[in-house]
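Here are the chains, one letter per residue:
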Amino acid sequence: MIEGKLVNLRAMEIGDAERAHRWMNDREVTEHLNMRYPLSMAAEQAYVAGNASSPIGFDAPAFAIETKDGIHIGGLNFHRTAPEDRKALLGISIGDKAYWSRGYGTDAIVTLLRFAFDEMNLHRVELTVRAPNERARACYRKCGFVDEVLMRQAVYAHGAYIDEYMMAVLRDEFYALHGAP
């Protein structure tokens, strides 16, 4: 378990699938995610089982986010990890809407970034975020991410093309903001 101030990051468990399935089929939760189509329970169970049945490793670490009280509220992961470049792409979702805008996402990201830079020896963590998602962009800035690229009309949703930002944080920038180990 990786401990933050408000949350703990833990390995996924089979029992997480039902909640995650509900969240990934809630259009409000997935509004700004790359989740266009409904997700079956079998697909979610397979994803969770795949993560729960093998040890977390460098290539695609995925974690459940839970409160200090043990309530599972979401998940986050790295994909496209590149050991040669010491970088990864971050994805996060707080599925339990009762925990939105209360600092849990920020703490989960800061906790994962500390682990990424201190334990995985990453140099850079990047993400993409849709331009209208100001709440997420503000969270990412608090964590140390900066806008790097505006990708014009990169995503099609709700009948329109939407701009998307590539944001990133470097290890030294994170340490300057949140302290070195």
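Structure: see above.
Note that the structure is predicted; figures quoted are calculated from it, not measured.

**Points about the pairing of strand 5 (residues 87–94)**
And step 1. Where burial is concerned, most of strand 5 is hidden: 7 out of the 8 residues are buried.
And step 2. Strand direction decides the pairing type here: strand 4 (residues 72–82) and strand 5, joined by 7 bridges, are antiparallel. Each residue of the ladder has a partner; that of Gly74, found in strand 5, is Ile94.
And step 3. Here strand 4 folds back onto strand 5 in antiparallel fashion, the turn holding 4 residues, of which Arg86 has a positive phi close to 55°.
And step 4. Where strand 5 lies against strand 6 (residues 124–130), 3 bridges are found, and the strand directions are parallel. Its bridge partner lying in strand 6, Ala88 is registered against Val125.

**Section: unusual backbone geometry**
And step 1. Although it is not a glycine, Asn121 sits at a positive phi angle of roughly 60°.
And step 2. Tracing the sequence through the fold places Asn121 in the loop between helix 4 (104–118) and strand 6.
And step 3. Under the relative-accessibility criterion, Asn121 is labelled partly exposed at 40%.
And step 4. Positioned with a positive phi, Gln153 is a non-glycine residue whose angle comes to about 45°.
And step 5. In this fold, Gln153 is placed in strand 7 (residues 146–157).

**Let's talk about the sheet that holds strand 3 (residues 62–67)**
And step 1. What the 8 strands build is an open sheet, ordered 1-2-3-4-5-6-8-7; its pairing is mixed. The open sheet has two edge strands with one neighbour each: strand 1 (2–3) and strand 7.
And step 2. With 7 bridges joining them, strand 6 and strand 8 (residues 160–170) adopt antiparallel strand pairing. Counterpart to Arg130 in the pairing with strand 8 is Glu164.

**Regarding the pattern of salt bridges**
And step 1. In total, this model carries 12 salt bridges according to the counting rule given.
And step 2. Arg10 is paired through a salt bridge with Asp16; the nearest N and O atoms lie 2.9 Å apart.
And step 3. The salt bridge involving Asp118 is made with Arg114; its shortest N-O contact spans 3.9 Å. Residue Asp118 and its partner Arg114 are located together in helix 4, separated by 4 residues, close to a single helical turn.
And step 4. Classification of Arg114 as partly exposed rests on a relative accessible area of 24%.
And step 5. Several salt bridges share partner residues, and in doing so they unite Arg10, Asp16, Arg19 and Glu66 into one network.

**Observations concerning the packing of helix 4 against helix 6 (residues 171–178)**
And step 1. Where helix 4 meets helix 6, the axes come as close as 11 Å, and the angle between the chain directions of the two elements is 125°. The pairing of helix 4 with helix 6 is recorded here as oblique in orientation. Considering how the two elements wind past one another, helix 4 and helix 6 form a crossing that is left-handed. In contact with Val110, Leu113, Arg114, Phe117 and Asp118 of helix 4, helix 6 contributes Arg171, Phe174, Tyr175 and His178.
And step 2. Across the contact of helix 4 with helix 6, the residue classes break down as 5 nonpolar, 1 polar and 3 charged.

**A look at helix 5 (residues 134–143)**
And step 1. Every buried residue of helix 5 is listed here: Ala136, Arg137, Cys139, Tyr140 and Cys143. Looking straight down helix 5, one finds that the buried residues subtend no more than 160° of arc, so they occupy a single side.
And step 2. Looking at the buried residues of helix 5, the elements they touch are strand 5, helix 4, strand 6, strand 7, strand 8 and helix 6.
And step 3. Gly144 lies just past helix 5 and shows a positive phi near 115°.

Here is what the cut-offs are and how they apply
- Residues numbered from 1 in each chain as written.
- Predicted model: local features only at pLDDT ≥ 70, side-chain atom pairs only at ≥ 80, totals over all residues.
- Heavy atoms only, no water.
- Buried < 20%, exposed > 50% of the residue type's maximum accessible area, 1.4 Å probe, protein only.
- Helix = DSSP H or I, 4+ residues; strand = E, 2+ residues; numbered from the N terminus.
- Pairing = 2+ DSSP bridges.
- Salt bridge = Lys/Arg side-chain N within 4 Å of Asp/Glu carboxyl O.
- Axes fitted to C-alpha atoms, helices over the stretch in contact; angles between N-to-C directions.
- Parallel < 35°, antiparallel > 145°, perpendicular 65-115°, else oblique.
- Left-handed = near helix turned anticlockwise from the far one by under 90°.
- Contact = heavy atoms within 4.5 Å.
- Nonpolar A, V, L, I, M, F, W, Y, C, P; charged D, E, K, R; others polar.
- Arc of directions from axis to C-beta.

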